[in-house]
Amino acid sequence: MSKYYQPEIETMPYEEMRKLQDERLVAQVKHVWDNVPYYRKKMEEKGVTPDDIKGVDDLHKLPFVTKDDLRECYPYGLLAAPLKDCVRIHSTSGTTGKRVVAFYTQKDIDLWEDCCARAITAVGGTDEDVCQIAYGYGLFTGGSGMHGGSHKAGCLTLPMSSGNTDRQLQFMVDLGATIICCTPSYAAYLAESIEEQGIRDQIKLKAGIFGAEAWSESMRKDIENKLGIKAYDIYGLTEISGPGVSFECEEQTGMHVNEDHFIPEIIDPETHEVLPLGEKGELVFTSISKEAFPLLRYRTKDICVLSREKCSCGRTLIKMAKPMGRSDDMLIIRGVNVFPSQIEEVLIEVGGGDITPNYLIKIDRINNTDTFDLDVEMSEEMFSDDVKSIAKVENAIKDKLRSILGLGVNVHLVNPKTITRSEGKAKRIIDNRNI
Amino acid sequence: MLVKQVSAFIENKAGRLNEIADTLAKNNIDISALSLADTTDYGIVRMIVCDPEKAVLALRESGVVCKITETLAIAIDDAPGGFAKGLKALTDNGIEIKYMYACISHEKGKALMILSVDDPQKADALLASTDAGKVNPSEIYRHI
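What comes next concerns the included structure. (Residues numbered from 1 in each chain as written. Chains lettered and ligands numbered in written order. Predicted model: local features only at pLDDT ≥ 70, side-chain atom pairs only at ≥ 80, totals over all residues. Heavy atoms only, no water.)

Once that is clear, we can look at the overall build of chain A. Secondary structure assignment for chain A yields 11 helices and 23 strands. Over its C-alpha atoms chain A spans a radius of gyration of 23 Å, differing by no more than 12% from the 22 Å that the globule rule assigns to 435 residues. Overall size of chain A, expressed as C-alpha extent along the three principal axes, is 70 × 65 × 40 Å. Relative to its full complement of 435 residues, chain A shows a buried share of 58%. Taking the contacts inside chain A whose residues are at least 6 apart along the sequence as the reference set, 65% of them involve residues at least 24 apart. As displayed, chain A offers around 18100 Å² of accessible surface, 50% of which is attributable to carbon and sulfur atoms. (Helix = DSSP H or I, 4+ residues; strand = E, 2+ residues; numbered from the N terminus. Rg over C-alpha atoms; globule rule 2.2 N^0.38 Å. Buried < 20%, exposed > 50% of the residue type's maximum accessible area, 1.4 Å probe, protein only. Contact = heavy atoms within 4.5 Å. Areas by Shrake-Rupley, 256 points an atom, 1.4 Å probe, with all protein chains shown as cover.)

Now for the pairing of strand 18 (residues 359-366) of chain A. All names here are of chain A. Bridge analysis of strand 18 against strand 19 (residues 369-377) gives 8 bridges, and the strand direction is antiparallel. Across the sheet, residue Ile361 finds its bridge partner in strand 19, namely Leu374. Two successive antiparallel strands, strand 18 and strand 19, enclose a turn made up of 2 residues, where Asn367 displays a positive phi of approximately 50°. As paired elements, strand 18 and strand 23 (residues 429-431) share 3 bridges and run parallel to each other. Paired with Ile363 across the bridge in strand 23 is Asp431. (Pairing = 2+ DSSP bridges.)

The next thing to look at is the pairing of strand 6 (residues 207-211) of chain A. Residue and element names in this part refer to chain A. Counting buried residues along strand 6, 5 of its 5 residues qualify, which places the element largely inside the surrounding structure. Of the two faces of strand 6, the one lined by Ala207, Ile209 and Gly211 and the one lined by Gly208 and Phe210 are each fully buried. In this structure, strand 5 (residues 179-182) lies alongside strand 6, joined through 4 bridges in parallel fashion. Within strand 6, the residue paired with Cys181 across the bridge is Ile209. Considered for its hand, the β-α-β crossover made up of strand 5, helix 8 (residues 184-197) and strand 6 is right-handed. Direction of pairing for strand 6 relative to strand 7 (residues 230-236): parallel, over a ladder of 5 bridges. Looking at the pairing, Ala207 lines up with Lys230 of strand 7. (Right-handed = clockwise from strand over helix to strand, strands pointing away.)

With that settled, consider the packing of helix 2 (residues 14-35) of chain A against helix 3 (residues 37-45) of chain A. Residues and elements named next belong to chain A. The interhelical angle for the contact between helix 2 and helix 3, taken along N-to-C directions, is 110°, at an axis separation of 6 Å. Taken together, the axis directions place helix 2 and helix 3 in an arrangement best described as roughly perpendicular. Along the contact surface, helix 2 presents Val29, Val32, Trp33, Asp34 and Asn35, while helix 3 presents Pro37, Tyr39, Arg40, Met43 and Glu44. (Axes fitted to C-alpha atoms, helices over the stretch in contact; angles between N-to-C directions. Parallel < 35°, antiparallel > 145°, perpendicular 65-115°, else oblique.)

Take the interface of chain B and chain A next. Contacts between the two partners involve 22 residues from chain B and, on the opposite side, 18 residues from chain A. The contact between chain B and chain A buries some 1700 Å² in all, and 57% of this surface belongs to carbon and sulfur atoms. Per-residue buried area on chain B facing chain A is highest for Phe9, Tyr42 and Val65 of chain B; these three make up 35% of the total on that side. At the boundary of chain B and chain A, one finds 1 salt bridge. For Arg60 of chain B, the salt bridge identified is with Glu380 of chain A, shortest N-O distance 2.8 Å. (Buried area = accessible area lost by both parts, 1.4 Å probe. Salt bridge = Lys/Arg side-chain N within 4 Å of Asp/Glu carboxyl O.)

Moving on to the nonpolar core. Met146, Phe285, Leu295 and Met320 of chain A are the most contacted members of the largest nonpolar core, which has 74 residues in total. When neighbours within four sequence positions are excluded, Leu295 of chain A is seen to be in contact with Tyr39, Val65, Leu70, Leu78, Glu239, Ile240, Phe285, Thr286 and Ser287 of chain A. Of all hydrophobic cores here, the second largest spans 31 residues; its members include Val393 and Leu401 of chain A together with Phe9 and Val65 of chain B. (Core = buried A, V, L, I, M, F, W, Y, C linked by side-chain atoms within 4.5 Å.)

Further remarks concern unusual backbone geometry. Residue and element names in this part refer to chain A. In the segment running from Tyr74 into Pro75, the intervening peptide bond is cis, with an omega of -5°. Looking at the element boundaries, Pro75 is found in the loop between helix 4 (67-72) and strand 1 (86-92). The backbone of Arg297 sits at a positive phi, close to 50°, despite the residue not being glycine. Locating Arg297 in the fold gives a position in the loop between strand 11 (281-287) and strand 12 (298-304). Residue classification places Arg297 among the buried positions, given a relative accessible area of 2%.

This next bit is on empty space enclosed by the protein. Residues and elements named next belong to chain A. All told, the structure shown has 3 cavities of 30 Å³ or more when counted by the stated rule. Of the volumes computed, that of the largest cavity is approximately 70 Å³. Lining the largest cavity, in full, are Tyr104, Asp108, Leu111, Trp112, Ile240, Ser241, His261, Phe262, Ser289 and Lys290. With 3 residues, the top contributor of residues to the lining of the largest cavity is helix 5 (residues 106-122). Classifying every residue of the lining of the largest cavity by side-chain character gives 5 nonpolar, 3 polar and 2 charged. (1 Å grid on protein atoms, 1.4 Å probe; cavity = no way out; pocket = protein on both sides within 12 Å on 5 of 7 lines; lining within 4 Å. Points joined across faces, edges and corners; volume = space filled by probe spheres on them. Nonpolar A, V, L, I, M, F, W, Y, C, P; charged D, E, K, R; others polar.)

A separate point is the packing of aromatic side chains. By convention here, two paired aromatic rings are described through the distance between centres and the angle between planes. All names here are of chain A. Taken as a whole, this structure holds 9 aromatic pairs over all chains when the rule is applied. Note on Tyr235 and Phe285: the rings are 6.2 Å apart at their centroids and 35° apart in plane angle, and the pair reads as tilted. One end of the pair, Tyr235, is in strand 7; the other, Phe285, is in strand 11, with 50 residues separating them in the sequence. A connected cluster of aromatic rings, assembled from ring pairs, spans Tyr76, Phe103 and Phe293. Lying across the ring of Tyr104, Lys290 places its NZ or CZ 5.7 Å from the centre. The ring centre of Phe64 lies 5.7 Å from the NZ or CZ of Arg299, which sits over that ring. (Phe/Tyr/Trp six-rings, centres within 6.5 Å; stacked < 30°, edge-to-face > 60°. Lys NZ or Arg CZ within 6 Å of the ring centre and 35° of its normal.)

Here the focus is the sheet that holds strand 10 (residues 262-267) of chain A. Residue and element names in this part refer to chain A. The 4 strands are arranged 10-11-12-15 in an open sheet whose pairing can be described as antiparallel. In this open sheet, the two edge strands, each paired with only one partner strand, are strand 10 and strand 15 (325-326). In terms of strand pairing, strand 11 meets strand 12 through 4 bridges, oriented antiparallel. Among the inter-strand pairings, Gly281 is bridged to a residue of strand 12, identified as Cys304.

Moving on, we come to the sheet that holds strand 20 (residues 410-414) of chain A. Residue and element names in this part refer to chain A. On the basis of which strands lie adjacent, the open sheet formed by 4 strands has the order 20-19-18-23 and mixed pairing. Unpaired on one side and paired on the other, strand 20 and strand 23 mark the two borders of the sheet. In this sheet, neighbouring strand axes are inclined to one another by 20° on average, regardless of whether the strands run parallel or antiparallel. Most of the contacts of helix 10 (residues 340-351) go to strand 18, to which it runs at about 130°, and overall it touches strand 18, strand 19 and strand 23.

Shown next, in the form of structure tokens:
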């Protein structure tokens, strides 16, 4: 088996790649202009027509798309293919309880799975391997994306989905899984459980592909040592397709972007100016081969650096560094996107007043797992003389957040005016994670 | 007899209860009964004081979340069996207690209990003619 899934693309000389991108971008812009009135309007407002876009050099002329656009267009407003041609929907949590939905035609799924197959092949996955998928299956793209990629890479695929650690470990041992795909925090948890159960010598794992949340080099070392594997990073977002937008190779120094399908740019988040290679800024993606849900210049809000230095793996695909933070207030907790505004809405609803109770989000990483605590200042509306009624308020906050975010949170009711305010504005987030 | 109870929220942190006690002291408010309900993160102080409205204003002023709720005071004999007899009066009248605590009494041979019940008005009416209902208001809202 080759060390590349699609060598002709993955090792394509840059000039050829550029030509391919030019062609695909022109076609993608025309596709969007012809089929998505919302885009056409956006382009008209900026005074751009498809005739102005002759290639990648003209990319900067196109308007940006943000999560706000996706929300405004929910659910069908950005759909560029007839619904009857679509075969799947995936979704990500949105800011206002409204989710972002992405549509896929069969071809979209096919190309996405190619991207995931490239990632699995890059970590050594072949038809000799057993690939355990421990990402969640469902609306989340992690499970099904890597599942499809594993099929295409020829691996025997174990569709475990997330959770049920004992069963994960039993299958890992009994069926001899050699590659594991999950979030880095779950990988760390699995590593600890393997240590506790003393079954390290029964594990055949050689590699892991971990994504959907931020993780550090020290966490990588820790997982690699505990599991005796090589741990690889993978990047993706539902809006653009899912996991496999970029992936790490054996060199483990950044992720190769599948730039035959997604063109990355780095911009200054304030001035929106495109920054040269090597400079830090906001990562922007333009899809160039999508049918159902193309996005032109989608602002990811991830702060990142691109580089086109020669990679020892032989791939010529541009590389992106691990994202170094966000340009908005979104938090990623245990792989879930969390916006403070979602928490505010729940507190207003539960608090019953018009004013948001003052709150403080506290995040930490203990034993490689994110902890999520929420301090809420007590108000007259929430207070009662009996414990049961206050517990009801506490539980309502917990339950609503769990149903919106799918995350467990520890709620602590605190005295009013005890959450520190700076310049009249409360500090809302304390993130003690060292990532 | 119906009694206005002041309840206040306190976080489980050193000094929080002191702040409440100090505020009441500064405002010359006398406390006749007090109970503290606690959970892992916070507690609720419940008090019977000489001037509930004034206490609430003062506490709010100092940043404490508090409120007034209607509770019931009953009189029992300060003797073995007195508590049992008092409870029987409640059970006989079908009154269920959410929580209760003791209150000081200056009447010789008598003790007072403060009760939280679902419908204090109704409970008060039921007990008015019994021994348990014989409570002297000046015993509760004592001004010194």
